[in-house]
Amino acid sequence: MNPSSGKRSGNTFLFTSESVGEGHSDKMCDQISDAILDAYLSQDPDSKVACECVAKTGMILLVGEVTSKAIVDLQFVVRDTIKKIGYDDSSKGFDYKTCNVLVALEPQAVEISDCVFEGRDQEDIGAGDQGLMFGYATDETEECMPLTLLLAHKLNYRMRELSLNGECPWILPDSKSQVTVEYRDSEGALEPLRVHTVVISVQHSPDITLEEIRHNLMEKVVKVVIPAKYLDDKTIYHLLPSGKFLMGGPQGDAGLTGRKIIVDTYGGWGGHGGGAFSGKDYSKVDRSGAYAARWVAKSLVKAGLCKRALVQISYAISVSHPLSISVFHYGTSDRDEDELLQIVKKNFDLRPGFIVKELGLKRPIYQATACYGHFGRKEFPWEQPKKLVL
């Protein structure tokens, strides 16, 4: 279906996005996978890494494929990552000092490396697998990200901040948030009108009352993060709706790398090709292709060519050029979509070998992406819009 069709200009509607904190079991696994990727890249930028992590009570399992000249102390990387997340005592449900770390990492299959890299220049290496990726951008926020997701991320980040600075020592590592916003559709462009509902669940120590938790979440989290113009007397708040949240992290729910792909991207807006990011080096186009697609979409919006953009790219294993590139503007441009597509093709070389060079994807920059979203954060190179030649 063409996303630009079916406009309902002037209508209002609700949309919801969620986020999770650093101590959420799946996010913990994402961070461990990317910490391992960074450890290999810091010694050998040409490392080929596909590292998955599984977490349950007192146990971390690493599985996947790694081919690298680097020698990495995996035990240290895993435990140090868990320590930084805040699981430093069994009373919190996990302890980096005593957990068991199991490793089942093998070299990358030779037939993959042969067809992707063998006999090719860097610029012409093939894609590491088939797949489709999406990039999305919207002018509703300065970051060109959906307000629903941006606020959900910031709520989790704020709770982490309050825990680290000692202002709310009762906040433990696991947390979740969800934000529903009422929007007006303005000829395909999106205008956030108000926050309809806020949901926050956070792991906490047993020595605090529910009333105190809810008061702190409202005064120190919600009112600090969400601009007052979006809150009104009809906004609904579900602050720790379960009543208590003592058992968090892997003890409460098993964790697995790559299970928060909507949190990682656009919160349900745009599209998603299904491939996760964490633990994968640039040759896996699930990651590099999605970063490039976001770069393209944001560049189009920031150039004023449209107010919203959805970009799809597809690849085949060992083939360097994308099989397809599609651009949708939701009816928010005075140019047709074919024109925007030609501008994209004129300004972006979307072969993996060029993406890695232009975005610097051989650097150990990935652990920072593994929580609070891969997009909408100015420290990442794919968030720097390209000046387009029209």
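About the cut-offs
Residues take numbers from 1 onward in each chain, read along the sequence in its written order. Confidence filtering applies because this is a predicted model: local features only for residues at pLDDT of at least 70, side-chain atom pairs given and counted only at 80 or more, and all residues used for totals across whole chains, interfaces and linings. Just so you know, side-chain values use all the structure's heavy atoms and leave hydrogens and water out. Points on a 1 Å grid over protein atoms alone make up a cavity when a 1.4 Å probe fits among them but cannot get out, and a pocket when they form an open set with protein on both sides within 12 Å along at least five of seven lines; lining residues each have an atom within 4 Å of a point. Grid points are joined across faces, edges and corners, and a volume is the space filled by probe spheres set on the points. Here a helix means four or more residues in a row that DSSP labels H or I, a strand means two or more in a row labelled E, and each is numbered from the N terminus. Three categories are distinguished: nonpolar for Ala, Val, Leu, Ile, Met, Phe, Trp, Tyr, Cys and Pro, charged for Asp, Glu, Lys and Arg, and polar for the others, with Gly belonging to the last. Here's how the labels work: a residue is buried when its accessible area is under 20% of the maximum for its type, exposed when over 50%, partly exposed in between, all with a 1.4 Å probe on protein chains only. For two strands to count as paired, DSSP must find a minimum of two bridges between them. Axis definition: a line fitted to C-alpha atoms, limited for helices to the stretch in contact. Angles are taken between N-to-C directions and run from 0 to 180 degrees. Only heavy atoms matter for contacts: two residues are in contact if any of them lie within 4.5 Å across the pair. In the sections that follow, a salt bridge refers to a side-chain nitrogen of Lys or Arg positioned within 4 Å of a carboxyl oxygen of Asp or Glu.

Undergrad: Please set out empty space enclosed by the protein residue by residue, giving values where relevant.
TA: Inspection of every chain in the model, using the stated rule, returns one cavity of 30 Å³ or more. In this structure, the largest cavity occupies an estimated 60 Å³ of space. Around the largest cavity, the lining residues are Leu132, Met133, Phe134, Thr265, Gly271, His272, Gly273, Gly274, Gly275, Phe277, Asp286 and Ala290. Listing elements by their share of the lining of the largest cavity, those giving two or more residues are strand E7 (131–138) and helix H8 (285–302). Considering every element that reaches the lining of the largest cavity, the biggest residue donor is E7, with three residues. Each residue belonging to the lining of the largest cavity can be placed in one class, and the counts come to five nonpolar, six polar and one charged.

Undergrad: Residues and numbers for unusual backbone geometry, please.
TA: Residues other than glycine seldom take positive phi values, yet serine 318 does so here, at roughly 75°. Assessed through its relative accessible area of 21%, serine 318 is described here as partly exposed.

Undergrad: Residues and numbers for the layout of surface pockets, please.
TA: Of the voids in this model, the second largest pocket is the one considered here, and its volume is about 290 Å³. For the second largest pocket, the lining is made up of 13 residues, of which His153, Lys154, Tyr157, Tyr372 and Arg377 are closest to its centre. Those elements that place two or more of their residues in the lining of the second largest pocket are helix H4 (147–164) and helix H5 (210–225). Among the elements that take part in the lining of the second largest pocket, H4 stands out by supplying six residues, more than any other. Of the residues belonging to the lining of the second largest pocket, the class tally is six nonpolar, two polar and five charged.

Undergrad: Any details on the sheet that holds strand E8 (residues 171–186)? Residues and values, ideally.
TA: Taking strand neighbours across the sheet as the criterion, the four strands line up as E1-E8-E9-E10 in an open arrangement whose pairing is mixed. With partners counted over all chains shown, the strands left at the sheet margins are strand E1 (12–20) and strand E10 (236–239), one partner each. With direction set aside, neighbouring strand axes in the sheet form an average angle of 20°. Two strands pair when backbone bridges link them, and E1 and E8 are joined in this way by nine bridges, in the antiparallel orientation. Following the sheet pairing, serine 19 is matched in E8 by serine 177. Against the sheet, H4 makes contact with E1, E8 and strand E9 (189–204), and its axis sits at roughly 155° relative to E8, the strand it touches most.

Undergrad: Quick rundown of the pattern of salt bridges? Include the residues and the values.
TA: Per the counting criterion, the structure on display carries 27 salt bridges. Between aspartate 95 and lysine 97 there is a salt bridge, and its shortest N-O distance comes to 3.0 Å. In this structure, the salt-bridge partner of arginine 377 is glutamate 379, at a minimum N-O distance of 3.2 Å. Given the relative accessible area of 17%, arginine 377 is considered buried.

Undergrad: Explain the environment of lysine 362 to me, and be specific about the residues and the numbers.
TA: Within the secondary structure, lysine 362 is located in the segment after helix H10 (352–359). Residue class for lysine 362 comes out partly exposed when judged on its relative accessible area of 23%. Distance in space between the C-alpha atoms of lysine 362 and proline 45 is 5.2 Å, their sequence separation being 317 residues. The residues touching lysine 362, leaving out its near neighbours within four places in the chain, are Leu41, Pro45, Asp46, Gln122, Tyr282 and Val356.

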